[in-house]
Amino acid sequence: MEKKILLIEDEEIMIDLLRRKLIQEGYNVSIARDGEEGLKIMKKIMPDLILLDIIMPKMGGFEVMEEMQKDKKLAKIPVIVISNSGQPVEIDKAQKLGAKDWLIKTEFDPQEVIDKIKKQIK
Amino acid sequence: MSEKKITEEEFQRIKEDLEDLEKYIEELFKFLPLAICTLNPLRIIIDVNQAFRDLTNYKVTEIIGEDIKEIFSEKKKIKNLIDNVQKKEKPLTKELTLITKEKKDIPVSVSAATRKDEKGNLIGYFLAIFDITEIKKFRESLEKKVKERTKDLEESRTALMNILEDIEEAKRKAEEERDRTNIIITNFTDGLLVFNKENKLSLINPQAKIFLKVKSEEKIIGKSINELNFLPNFKKLIKLLGKEMKGIFRQELSLSKDLILEITTVPMLRDEIKFGTIVILHNITREKLIEEMKTEFVSLAAHQLRTPLSAIKWTLRMLLDGDLGKITEEQRNFIEKTYRSNERMISLINDLLDVTRIEEGRYLYKPILTDLSIVVQFVVNSYQEEARRKQINLEFIKPKEKLPEIKIDVEKIRLAIQNLLDNAIRYTNPNGKVTVSLKYDKLKKEIELQVKDTGIGIPDDQQKRIFSKFFRAANVMRMETEGSGLGLFITKNIIEAHKGKIWFKSKENYGTTFYVTLPVKKEFEEFLKKF
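About the thresholds
Residues numbered from 1 in each chain as written. Chains lettered and ligands numbered in written order. Predicted model: local features only at pLDDT ≥ 70, side-chain atom pairs only at ≥ 80, totals over all residues. Helix = DSSP H or I, 4+ residues; strand = E, 2+ residues; numbered from the N terminus. Contact = placed C-beta atoms within 7 Å. Nonpolar A, V, L, I, M, F, W, Y, C, P; charged D, E, K, R; others polar. Expected span 1.5 Å × (residues − 1). Buried ≥ 20, exposed ≤ 12 C-beta atoms within 10 Å, placed from the backbone. Arc of directions from axis to C-beta. Pairing = 2+ DSSP bridges. Axes fitted to C-alpha atoms, helices over the stretch in contact; angles between N-to-C directions. Right-handed = clockwise from strand over helix to strand, strands pointing away.

Colleague: Kindly report on the overall build of chain B, identifying the contributing residues and their values.
Modeller: Helix and strand counts for chain B stand at 14 helices and 17 strands. Counted over contacts in chain B with a minimum sequence separation of 6, partners at least 24 positions apart contribute 53%.

Colleague: Talk me through the environment of Glu107 of chain A; I want residue IDs and the actual numbers.
Modeller: Relative to the helices and strands, Glu107 of chain A is located in the loop between β5 (101-104) and α6 (110-120). Along the backbone, Glu107 of chain A and Asn84 of chain A are 23 residues apart, and their C-alpha atoms lie at a distance of 9.1 Å.

Colleague: Go over the interface of chain A and chain B with me, naming the residues and quoting the values.
Modeller: Taken together, the contact pairs 19 residues of chain A with 21 residues of chain B. Contributions of two or more residues to the side of chain A that touches chain B are made by α1 (12-24), α5 (88-96) and α6 of chain A. If you tally residues by element for the side of chain A that touches chain B, the top one is α1 of chain A, at six residues. Across the side of chain A that touches chain B, the residue classes break down as seven nonpolar, six polar and six charged.

Colleague: Describe in detail helix α4 (residues 75-88) of chain B, supporting the description with residues and values.
Modeller: Residue and element names in this part refer to chain B. The end-to-end C-alpha separation of α4 is 20 Å, in line with the 20 Å expected for 14 residues at 1.5 Å each. Residues Ile78, Leu81, Ile82 and Val85 constitute the buried set of α4. Along the long axis of α4, the arc covered by the buried residues comes to 90 degrees, so they all point the same way. Turned more than 90 degrees away from the buried face of α4, the exposed residues are Lys76, Asp83, Lys87 and Lys88.

Colleague: Could you give an account of the sheet that holds strand β6 (residues 191-196) of chain B, naming the residues involved and the relevant values?
Modeller: Residue and element names in this part refer to chain B. Spatially, five strands are ordered β7-β6-β10-β9-β8 in an open sheet, and the strand pairing comes out antiparallel. The sheet is open, and its two borders are formed by β7 (201-204) and β8 (251-256), each paired with just one other strand. Sheet twist, expressed as the mean angle between neighbouring strand axes with direction ignored, is 25 degrees. Bridging between β6 and β7 involves three bridges; their strand directions are antiparallel. Paired with Phe195 across the two strands is Leu201, which belongs to β7. On top of the sheet, helix α7 (residues 232-241) reaches β8, β9 (259-270) and β10 (273-283); it is set at about 160 degrees to β8, its chief contact.

Colleague: Please provide a residue-by-residue account of the sheet that holds strand β4 (residues 105-116) of chain B, values included.
Modeller: Residue and element names in this part refer to chain B. Reading across the sheet, the five strands line up as β2-β1-β5-β4-β3 and stay open at both edges, with antiparallel pairing between neighbours. On the outer flanks of this sheet lie β2 (45-48) and β3 (92-99), each paired with one strand and no other. When the angles between neighbouring strand axes are averaged without regard to direction, this sheet yields 30 degrees. In this structure, strand β1 (residues 35-39) lies alongside β2, joined through three bridges in antiparallel fashion. Residue pairing across strands places Thr38 opposite Asp47, the latter belonging to β2. Of the strands in this sheet, β3, β4 and β5 (122-131) are in contact with α4, which crosses β3 at around 155 degrees.

Colleague: Outline the pairing of β5 of chain B, supporting the account with residue identities and numerical values.
Modeller: Residues and elements named next belong to chain B. Bridge count between β1 and β5: five bridges; the pairing is antiparallel. Bridge pairing links Ile36 to Ala128 in β5. Inspection of the sheet shows β4 paired to β5 by nine bridges, in the antiparallel sense. Its bridge partner being in β5, Ser111 is matched across the sheet by Ala128. Here β4 hands over to β5 after five residues, with Gly120 in that stretch at a positive phi of 85 degrees.

Colleague: How would you summarise the pairing of strand β4 (residues 79-83) of chain A if you had to cite specific residues and measurements?
Modeller: All names here are of chain A. In terms of burial, β4 is a largely internal element, five of the five residues being buried. Side chains of β4 alternate between two faces, with Val79, Val81 and Ser83 and Ile80 and Ile82 buried alike. Judged from the three bridges that link them, strand β3 (residues 49-52) and β4 form a sheet pairing that is parallel. From the neighbouring strand, Ile50 faces β4, where its bridge partner is Val79. At this point the chain moves from β4, through α5, to the parallel β5, and the crossover so formed is right-handed.

Below is the structure:
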């Protein structure tokens, strides 16, 4: 069975690149372009993993994780944060909200994102 | 940050004032042949002089904090005497019987007077206790020896009067000093609580009353920690302090969303014996708010600056990896070069963001106890390949003995050492040598790191500016155009945030040695743990 990954990200080019890479790796990819849409889609499809940006229109990544914590089923879905920032306070906050990993986009490349995903869902 | 500094200085000054005052009173009281004790408004003994201890045989630690009536046979009379002094507002004297530690009765004459602050509020009492055993004997033998003794007696009375006058003067000076201290405590912007040796609350200043929502002082003064639990804010504070009142240094306590305090306790010691604890409540609500705003700002700045760079990086990477179709060797060449330029831009932005964080103040995030040699070894290892490529001999001379652990933010210190090593290797020509060494100075209690190179050196006329932001030396600019000019600025800030020092010796064309010292400061924490 194909694993389902939900990518919540507002940057078009990042969506393009990651979607391509994820499909190449054999994942079933869904896209949400802001936090609100992300929550809606995850409730519908219950993905195996979520790639989550932090700064987005309408609803940011931290709020998405807060909302997920309120729902028992959603709280179980592993979240990997992909952000352009990465201050220790932010990473701490994300960990407390259940995030499994935090990637700073400029320090990683798409292949490393795939490696991190594989670590979470085998 | 500056606000905090002033507070620490003020606190230090008050502490020194208090110590001076204590010494002063103690010295003054020590030589008086008359037993003197100071009471708080609840008639609890808060200070005694040497003559008092000699008379009663109690040690300071046994008597401070006791009710005054405990040392007199006539418990009601002593209470009445003090009540009358307060009502009639003049010093009174009464003959009573003192009970010493060995339960021996001594006839004494007790003079009592009130202690008042500037506004005329009662802040306690003074008691002068005069042993009249001898006087009584005099009286008994008086009949026999009236004539020959009258003169002597008069003389001793005059002496007594002189002493009492001296005591009045001493009392007035002591009161003045105490009033001054009281005014400082009352107007202090930090909250202050003072607990006595039984951990009972003996003082609370107005600011602490506001923080802890205390309406009436009478209900809480003299209460033990357990009895203070009925106030919700006290409950939270006591949970942090613990019943034993162990030493606490700058711990955060959130009393409500709009009130976050930083708690520090300071033991009050006399001859290394603890006779009380001061609890300092410092309001950091505003600092916390600003900190949050800054985090948000840096996050947004990072987002704005890095987003296009990530997009370029990821696109190029996927092109190079063939994820977007086959590319020719020539295309690969160009893309690789572009990728490297982009990486340089990314590292420049990283430096800039680090600088922003430095200037915000809260730069050290998680200091933990660490063996510095492990951190240095890690950084040296990560540069071995780079050194080999440039044909530079990179060596790490380990300390002979194991270093004491120090509290550092490992990530930041690693960055600092990395910057030094990066410069050393970058600005040393092939066949040169870079040596890193570590040692511990037991006397100064600090660890010294040396990064020595045989590189191009820093020109004399530019040595002063080497740690400035965006500064790059002229010879370096000629050699390589890359570099943000932020490395040493960041390094210096990291080292200074750890209360360390950084300096260098350099000669153009011969090489540079950077020295970094970091203090091993465990004593203060160890000291606090004892209480």
